[in-house]
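Summary of structural features
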Amino acid sequence: DAKTTQPPSMDCAEGRAANLPCNHSTISGNEYVYWYRQIHSQGPQYIIHGLKNNETNEMASLIITEDRKSSTLILPHATLRDTAVYYCIVRGGYGGSQGNLIFGKGTKLSVKP
Amino acid sequence: DSGVTQTPKHLITATGQRVTLRCSPRSGDLSVYWYQQSLDQGLQFLIQYYNGEERAKGNILERFSAQQFPDLHSELNLSSLELGDSALYFCASSVAKDRAHNEQFFGPGTRLTVL
């Protein structure tokens, strides 16, 4: 699986959009970009994933550059409850029966009032 | 609520002892994964089971073992416990339907303290 690079920490004002970047310059064609977050010792929570097209769900949007070497997770209106460590994970497109996640250090997002 | 349950929530035991952690996956999920999170190592993958069979192994010590039962629940057995085994242990499950739909859903974790 390709390695990812994320800033160790970011701040965001409540109500503003939080844009979390991730570099994955060695990503290969069949690898997906996944985002998870972990709120203070709770189990990690799946947010979103994509292959090459931009994706949006009720939690966030994922923007993947055309060359797929980087991506941005966007939380459109951050709240205090979004304070967490956010993990960007690049994951091989294994058959559905395989595929553990390799977590890096992630980005600690602090949403401030 | 992810739909994944783990018991117990907390476990305190002594060095040299053996414990069993239990995980019930989301309904319909065939894959179960175990992860360990300690302060110095971060979140590390231990082992994966798919429909009762071991499918992938990560940094799992020989003192640790796991299994997945016919009803798809899984147990992680930790033996000859050492102080360094103190950590949060998470279980995750996924439907593992195909390449594009393999997101994992994590349980609340079991906090193990070895004294």
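Placed above this text is the structure.
Below you will find a few notes about this structure. (Residues numbered from 1 in each chain as written. Chains lettered and ligands numbered in written order. Predicted model: local features only at pLDDT ≥ 70, side-chain atom pairs only at ≥ 80, totals over all residues. Heavy atoms only, no water.)

1. Some points on the state of the cysteines
Simply put, the disulfide is a covalent bond whose two ends are the sulfur atoms of two cysteines. Residues and elements named next belong to chain A. Per the stated rule, a full pass over the model turns up 2 disulfides over all chains. Linked covalently through their sulfurs, cysteine 22 and cysteine 88 form a disulfide whose S-S length is 2.1 Å. On the S-S bond that ties cysteine 22 to cysteine 88, the torsion sits near -80°, and the link is left-handed. Residue cysteine 22 is located in strand β2 (residues 18-23), and its partner cysteine 88 is located in strand β8 (residues 84-91); the two are separated by 66 residues in the primary sequence. Assigned by exposure class, cysteine 22 and cysteine 88 land together as buried. (Disulfide = S-S within 2.5 Å. Helix = DSSP H or I, 4+ residues; strand = E, 2+ residues; numbered from the N terminus. Buried < 20%, exposed > 50% of the residue type's maximum accessible area, 1.4 Å probe, protein only.)

2. Remarks on the sheet that holds β2 of chain A
Pairing between sheet strands relies on hydrogen bonds along the backbone, with the strands arranged either parallel or antiparallel. All names here are of chain A. The antiparallel open sheet is built from 4 strands, whose spatial order is β2-β7-β6-β5. Edge strands, defined here as strands with exactly one partner in the open sheet, are β2 and β5 (55-56). One ladder, built from 4 bridges, connects strand β6 (residues 61-64) with strand β7 (residues 70-75); its direction is antiparallel. Across the sheet, residue isoleucine 64 finds its bridge partner in β7, namely serine 71. (Pairing = 2+ DSSP bridges.)

3. Quick notes on the layout of surface pockets
Considering only enclosed or pocket space, the largest pocket measures out at about 610 Å³ in volume. Lining the largest pocket are 23 residues; nearest its centre among them are Gln38 and Tyr87 of chain A together with Gln37, Ser38 and Leu39 of chain B. Among the secondary structure elements, those contributing two or more residues to the lining of the largest pocket are β8 of chain A together with β4 (31-38), β5 (42-50) and β9 (87-94) of chain B. Looking at the lining of the largest pocket, the element that brings in the most residues is β8 of chain A, giving 3 residues. Taken as a whole, the second largest pocket holds about 310 Å³ of empty space. In terms of lining, the second largest pocket is formed by 14 residues, of which the most central are Gly43 and Gln45 of chain A together with Asp1, Ser2 and Phe106 of chain B. Of all the secondary structure elements, the ones that give two or more residues to the lining of the second largest pocket are β4 (45-50) of chain A together with β10 (105-106) of chain B. (1 Å grid on protein atoms, 1.4 Å probe; cavity = no way out; pocket = protein on both sides within 12 Å on 5 of 7 lines; lining within 4 Å. Points joined across faces, edges and corners; volume = space filled by probe spheres on them.)

4. A few points about the pattern of salt bridges
Residues and elements named next belong to chain B. Taken as a whole and judged by the stated rule, the model has 5 salt bridges over all chains. Arginine 22 is the partner of glutamate 75 in a salt bridge, and the nearest nitrogen-oxygen pair spans 4.0 Å. Residue glutamate 75 is found in strand β8 (residues 74-78), and its partner arginine 22 is found in strand β3 (residues 19-24); the two are separated by 53 residues along the sequence. Judged by relative accessible area, glutamate 75 falls into the buried class, the value being 18%. Salt bridges here are not isolated pairs; linked through shared partners, they connect Arg63, Glu82 and Asp85. (Salt bridge = Lys/Arg side-chain N within 4 Å of Asp/Glu carboxyl O.)

That's the geometry; what it means functionally is another story.
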